[in-house]
Amino acid sequence: MHDAVSHEPVARLSEPDGSSSQPGIIILGAGMSGLCMAIQLKRAGFENFVILEKSGGLGGTWWDNTYPGAQCDVPAHLYSYSFEPNPNWSRIYAPQEEIRRYMESCAAKFGILPHLRLNTEVTQAHFNARHGRWEIVVRGGETLHAAFFICSTGPLSMPRYPDIAGMNAFSGRVMHTSRWDHSYDMAGKSVAVIGTAASAVQLIPQIAQRARQVTVFQRTPNWIIPRRDRAFTERQKRWLRNPLIGRSYRVLLYWQREMQRLSFNHGTLPAKLAVRMAEQHLRRHVPDPALRQVLRPDYQFGCKRVLVSDDYYPALMQPNVALITTRISHITPDGVMTADGALHAADAIVCATGFNVTGLAAMIDFRGQSGQSLGAAWSEGAQAYHGMTVADFPNFFLLLGPNTGTGHTSTLLFVEPQVKYVIRCIKELMQRKKATLMVKQEAMASHNRSLQERLSRSVWGSGCSSWYMHSNGRVEVIYPGFSFQYRKALRRVDFSDYEFL
Ligand code: NAP
């Protein structure tokens, strides 16, 4: 849970006639990537920007996800900005509230709070080709104009509720992990949890301590490896305050995580070792071979997000926790009915069912210079050039856009080079005294052809179903390589792939 904050924005945005001396920049979303963008713009001397955020506070994912047990599954010293290390992280894996507070302290330190406009939901974003400006309409009808539009909403902001018949008729409480209802006390209640992935495995051990009964509905098992989380001692924190030690620790974590990428190459020794580690983890905690069998995935390690948990399997062993693997048929007013005709009575249903990853294009009426919508452009799967720029959408940048997700390391390792790339583009445009910059269709298409070719040979194209994929099978979320490869690709902007107008 968090306190609502309110900040009055002071940023002015340039009017369509370009009366301001600096280009107006609108950033959509105050999560880790939007905040990073704002900080680096400020450090580069830009003042004329505003962050529009639909929630009542900054944090993005770390504002939305307040379910019990919410924690990052990337070590905190790597899941923090490289330019703002925090030697005071309490644990190896930071809890949600600590990450959100870190973000608030960064926003305050770098002077971002006055640029933040909270409780502001964008409903339309159209590029006005005549004026060379973005026209952004917010709920309530106000229209903002900006030269640049940077979308940093990330893939995990729109909750996805399961499409199961009867959900509306359920007489108890229904909640999604990312919209947690803290007013509901689980003590003594019978709780049904739908979903067994990253959010669920953090949540289930927590609610199992309070609820009378927890019934877990698993559709597909996941590979789970040990977490080995622990708190830092005061002595360790003192060491980490030494910049050299802090930096070295981060470098160590960085390479540890990059090495984990090797385990996604099926058939290789790192992949075999990773599978063996996950199997041992399962054996150690689940003595019943029949239960182990339903918990062991039959798809390749890494195809779906690998989970990191030490307490999920032990929670399943508790007498008040039941794992159901029979398909859900429908929801009745009293609980969850499975295909075998059994009714699993529940007072509450928790949907740990993930996010609508390309929901952005559906949520906002996005239109480029030709008037075509982003939804139509992405009807066969989201795509962009380096995951950041889209043909027909001038002066528009995505942070953590298509194919820049990672299953093995910190997303911030992708965000930081993206932010630098955006600033280089803006500066180049200003230097050339041009109004708009837009990636060429052919450059975007050829970039995506080679990306998809690489992905088709990768673990993510190996046949499991995951949120990394469009319904047509195209992998639209994941970047297939190491983070250093992506970083290298962004080091230089190839302006010959762009049109300047
Ligand atoms: P998710 O990975 O999309 O998992 C959704 C779960 O719900 C899956 O188990 C899925 O089963 C199940 N499901 C969906 N619809 C269903 C239905 N109709 N009937 C039955 N089961 C259904 O969502 P998530 O766990 O919220 O995680 C999403 C992403 O958020 C993660 O991959 C991760 O990147 C991020 N995350 C990160 C952290 C962190 O610590 N950093 C924590 C939580 C989440 P199937 O597998 O069969 O589809």
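Keep in mind that this is a model prediction, so the values were computed, not measured. (Residues numbered from 1 in each chain as written. Predicted model: local features only at pLDDT ≥ 70, side-chain atom pairs only at ≥ 80, totals over all residues. Heavy atoms only, no water.)

Asks: Help me understand the site of the ligand in this model?
Replies: Around the ligand sit 24 residues, and of these Q71, D73, S199, T220 and K304 come closest. The side chain of K304 places a nitrogen or oxygen atom 2.8 Å from an oxygen atom of the ligand. At 3.3 Å from an oxygen atom of the ligand is found a side-chain nitrogen or oxygen belonging to R305. Summarising the interface, the protein chains cover 88% of the accessible area of the ligand, which totals 910 Å² for the free molecule. Take the shell around the ligand: its biggest share by element is 3 residues, from helix 4 (residues 198-207). Among the residues forming the shell around the ligand, the class breakdown is 11 nonpolar, 8 polar and 5 charged. (Near = heavy atom within 4 Å. Polar contact = N/O pair within 3.5 Å; in protein donor to acceptor, adjacent residues only side chain to side chain. Areas by Shrake-Rupley, 256 points an atom, 1.4 Å probe, with all protein chains shown as cover. Helix = DSSP H or I, 4+ residues; strand = E, 2+ residues; numbered from the N terminus. Nonpolar A, V, L, I, M, F, W, Y, C, P; charged D, E, K, R; others polar.)

Asks: Quick question: what am I supposed to make of the packing of aromatic side chains here?
Replies: Ring pairs (aromatic) are described by centroid distance and by the angle formed between their planes. According to the stated counting rule, one finds 29 aromatic pairs in the structure shown. Ring plane angle 40° and centroid distance 5.8 Å describe the contact between F149 and F396, whose orientation is recorded as tilted. Residue F149 is located in strand 7 (residues 148-151), and its partner F396 is located in strand 19 (residues 396-398); the two are separated by 247 residues in the primary sequence. Here F149 matches F396 in class, with each residue buried. Pairing Y254 with W255 gives two aromatic rings, centres 5.0 Å apart and planes at 90°, and the pair type is edge-to-face. Assessed through its relative accessible area of 12%, Y254 is described here as buried. (Phe/Tyr/Trp six-rings, centres within 6.5 Å; stacked < 30°, edge-to-face > 60°. Buried < 20%, exposed > 50% of the residue type's maximum accessible area, 1.4 Å probe, protein only.)

Asks: Would you explain the nonpolar core in this entry?
Replies: A general tendency of soluble globular proteins is for nonpolar side chains to be buried together. If you look at the biggest cluster of nonpolar residues, it comprises 119 residues, and the most contacted ones within it are Y81 and F366. The greatest single-element share of this core, amounting to 11 residues, is contributed by helix 12 (residues 412-432). With near-sequence residues (within four places) excluded, F366 lies in contact with A125, F149, C151, L360, Q372, S373, L374, F393 and F396. The next biggest cluster of nonpolar side chains, apart from the first, holds 32 residues, and it includes M175, A211, V216 and V350. (Core = buried A, V, L, I, M, F, W, Y, C linked by side-chain atoms within 4.5 Å. Contact = heavy atoms within 4.5 Å.)

Asks: So what exactly am I meant to see when it comes to the sheet that holds strand 2 (residues 49-52) here?
Replies: The strands making up a sheet associate through hydrogen bonds between their backbones, and the pairing can be parallel or antiparallel. The parallel open sheet is built from 5 strands, whose spatial order is 3-2-1-7-19. Only two strands of the sheet have a single partner each, and these edge strands are strand 3 (116-117) and strand 19. As defined by bridge partners, strand 7 adjoins strand 19 across 3 bridges and the pair is classed as parallel. By the bridge assignment for strand 19, C151 is matched with L398. (Pairing = 2+ DSSP bridges.)

Asks: Can you help me understand unusual backbone geometry in this one?
Replies: With glycine set apart, most residues show a phi of negative sign, and most peptide bonds adopt trans. For N119, which is not a glycine, the phi torsion comes out positive at approximately 50°. Position of N119 relative to the elements: it lies in the loop between strand 3 and strand 4 (122-128). Under the relative-accessibility criterion, N119 is labelled exposed at 58%. Even without a glycine there, the phi angle at H386 is positive, about 55°. Mapped onto the elements, H386 comes out in the loop between helix 11 (374-377) and strand 19. Exposure remark for H386: the relative accessible area of 12% places this residue in the buried category.

Asks: Looking at this structure, I do not really get a positive patch on the surface. What am I missing?
Replies: The grouping of K420, R424, K488 and R491 at the surface amounts to a positive patch. Position of R424 among the secondary structure elements: in helix 12. (Patch = residues over 30% accessible without salt bridge, like charges linked within 9 Å, V, L, I, M, F, W, Y side chains within 5 Å. Salt bridge = Lys/Arg side-chain N within 4 Å of Asp/Glu carboxyl O. Lys, Arg positive; Asp, Glu negative; His and termini not counted. Charge placed at Lys NZ, Arg CZ, Asp CG, Glu CD.)

Asks: Just checking my understanding: could you explain the pairing of strand 7 for this structure?
Replies: Sheet faces and side chains relate simply in a regular strand, where the side chains alternate between the two faces. Residue alternation in strand 7 divides its side chains into two sets, F148 and I150 and F149 and C151, and both sets are buried. Here strand 1 (residues 25-28) runs beside strand 7; their pairing, made up of 4 bridges, is parallel. Each bridged residue has a counterpart across the sheet, and for L28 the counterpart in strand 7 is C151.

Asks: Got a minute to help me understand the state of the cysteines in this structure?
Replies: Enumeration over the complete set of coordinates arrives at 1 disulfide. C36 provides the cysteine sulfur closest to C151, a residue in no disulfide bond, and the two sulfurs are 15 Å apart. The exposure class of C151 is buried, given its relative accessible area of 1%. Here C425 stays unpaired: no disulfide links it, and the sulfur of C36, its closest cysteine neighbor, is 15 Å away. Look at C425 and you get buried, because its relative accessible area is 1%. (Disulfide = S-S within 2.5 Å.)

Asks: Could you clarify how one ought to interpret the sheet that holds strand 14 (residues 328-332) in this entry?
Replies: Strand order across the open sheet formed by 3 strands is 14-15-16, with antiparallel pairing between neighbours. The sheet terminates laterally at strand 14 and strand 16 (343-345), the two strands that pair on one side only. On average, each strand axis in the sheet is inclined to that of its neighbour by 25°, with strand direction left out of account. As paired strands, strand 15 (residues 335-338) and strand 16 are joined by 3 bridges and run antiparallel to one another. Bridge pairing in strand 16 links V336 to H344. (Axes fitted to C-alpha atoms, helices over the stretch in contact; angles between N-to-C directions.)

Asks: In this structure, what is going on with helix 14 (residues 483-490)? I would like to understand it.
Replies: Note that an α-helix has 3.6 residues per turn; residues three or four places apart therefore point the same way. For helix 14, the complete set of buried residues consists of S483, Y486 and L490. Each buried residue of helix 14 sits inside an arc of 60° when the element is viewed along its axis, so together they form one side. Elements that come into contact with the buried residues of helix 14 comprise helix 6 (243-260) and helix 12. (Arc of directions from axis to C-beta.)

Asks: For this particular structure, what's the right way to read the confidence of the model for the protein?
Replies: Parts of the prediction with low pLDDT should not have their coordinates interpreted in detail. Per-residue confidence for the protein gives a mean pLDDT of 94, with 96% of residues at or over 70. Counted against residues more than four places away or in other chains, residues 3-19, with its pLDDT under 50, gives 47 contacts. (pLDDT = per-residue confidence, 0-100.)

Asks: Mind showing me how you'd approach the packing of helix 12 against helix 14 here?
Replies: Angle between the axes and distance between the axes are the two parameters that describe a pair of packed helices. Relative to each other, helix 12 and helix 14 sit at 5°, their axes nearing to 9 Å. Classified by the interaxial angle, the pair formed by helix 12 and helix 14 is roughly parallel. Residues L413, F414, P417, Q418, Y421 and R424 of helix 12 pack against S483, Y486, R487 and L490 of helix 14. In terms of residue class, the contact of helix 12 with helix 14 is built from 6 nonpolar, 2 polar and 2 charged. (Parallel < 35°, antiparallel > 145°, perpendicular 65-115°, else oblique.)

Asks: Please explain the environment of R91 as it appears in this structure.
Replies: With respect to the helices, strands and loops of the structure, R91 is situated in the loop between helix 2 (61-64) and helix 3 (96-109). The exposure class of R91 is partly exposed, given its relative accessible area of 27%. For the pair formed by R91 and F232, sequence separation is 141 residues and the distance between their alpha carbons is 5.3 Å. Other than its neighbours up to four places away in sequence, R91 contacts Q71, A76, D229, R230, A231 and F232. A distance of 3.0 Å separates a polar atom in the side chain of R91 from a polar atom in the side chain of D229.

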